[in-house]
Amino acid sequence: ASTAGLDQAAEIAVSPDGRHLLVATAASGDGGNSPLTIISRTAPDPLFEFIEVDRDSDDPGLRLRGPVDQAISPDGRHVYALSLGENAITMFERTALAGLDGADPGAHLVPVASWVDGDNGVAGLDRARRVLVSPDGTSLFVTSDDNSTLAVFRRDNDPASAGFGR
């Protein structure tokens, strides 16, 4: 039997602090409602523990059907997940200690905002496949199968802000 949220895992990311693994599972055959799965990692021996899954059916406002890739900001505060089924990107706020040493496991990733291809001037997210945050944290890059595009977004690093610009 497979571990919850790991059936047909597509992409994996490790948080900058090394505490968490994030697994995108867009390939799952559950009607496009596959999850983004979070697993905690403890040292010194890498012991892993399931924390949570995030998907559309768990939160109707979440634009995360068929997550195909994810990226974590260099400071570890934000996670960006691409939704193949929604042509969208969702930004989560990350609580680094959630799921470790008995901390609240269901609050590791909290959805903050979503941007959808074609809404409010957003472009380049149709059939998006890969996302990357620049090493300095100022830009977000998204590649797409739609006309082989590269979309570049400017990240707003203001702690009071939750967005990025085109």
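Placed above this text is the structure.
Residues numbered from 1 in each chain as written. Predicted model: local features only at pLDDT ≥ 70, side-chain atom pairs only at ≥ 80, totals over all residues. Heavy atoms only, no water.

A. Unusual backbone geometry, seen in detail. One non-glycine residue, N87, adopts positive backbone phi at about 50°. Of note, N87 is situated in the loop between strand 6 (78-83) and strand 7 (88-94). Residue class for N87 comes out partly exposed when judged on its relative accessible area of 23%. Positive phi, normally seen in glycine, also occurs at N120, with a value near 55°. Looking at the element boundaries, N120 is found in the loop between strand 8 (109-116) and strand 9 (128-133). Taking relative accessible area as the criterion, N120 reaches 78% and is therefore assigned exposed. (Helix = DSSP H or I, 4+ residues; strand = E, 2+ residues; numbered from the N terminus. Buried < 20%, exposed > 50% of the residue type's maximum accessible area, 1.4 Å probe, protein only.)

B. Expanded view of the pattern of salt bridges. Per the stated rule, a full pass over the model turns up five salt bridges. In this structure, R130 and D69 form a salt bridge, with 3.1 Å as the shortest nitrogen-oxygen distance. Here the residue R130 occupies a position in strand 9, and D69 occupies one in strand 5 (residues 67-72), the gap between them amounting to 61 residues. When the shortest N-O distance is used, the salt bridge between D145 and R127 registers 3.7 Å. With D145 in the loop between strand 10 (139-144) and strand 11 (149-155) and R127 in the loop between strand 8 and strand 9, this residue pair connects regions lying 18 residues apart in the sequence. Judged by its relative accessible area of 37%, D145 falls in the partly exposed class. Residue classification places R127 among the partly exposed positions, given a relative accessible area of 41%. One network of salt bridges, with partners in common, ties together R127, R129 and D145. (Salt bridge = Lys/Arg side-chain N within 4 Å of Asp/Glu carboxyl O.)

C. Representation of the sheet that holds strand 6 within the structure. Read from one edge to the other, the open sheet built from four strands follows the order 5-6-7-8, with strand pairing classed as antiparallel. Since the sheet does not close on itself, it has two edges, and those belong to strand 5 and strand 8, each with one partner. For this sheet the average axis-to-axis angle between neighbouring strands, irrespective of direction, equals 20°. Alignment of strand 5 against strand 6, held across five bridges, turns out to be antiparallel. Within strand 6, the residue paired with I72 across the bridge is V79. (Pairing = 2+ DSSP bridges. Axes fitted to C-alpha atoms, helices over the stretch in contact; angles between N-to-C directions.)

Such coordinate-based values are descriptive only and should not be taken to indicate function.
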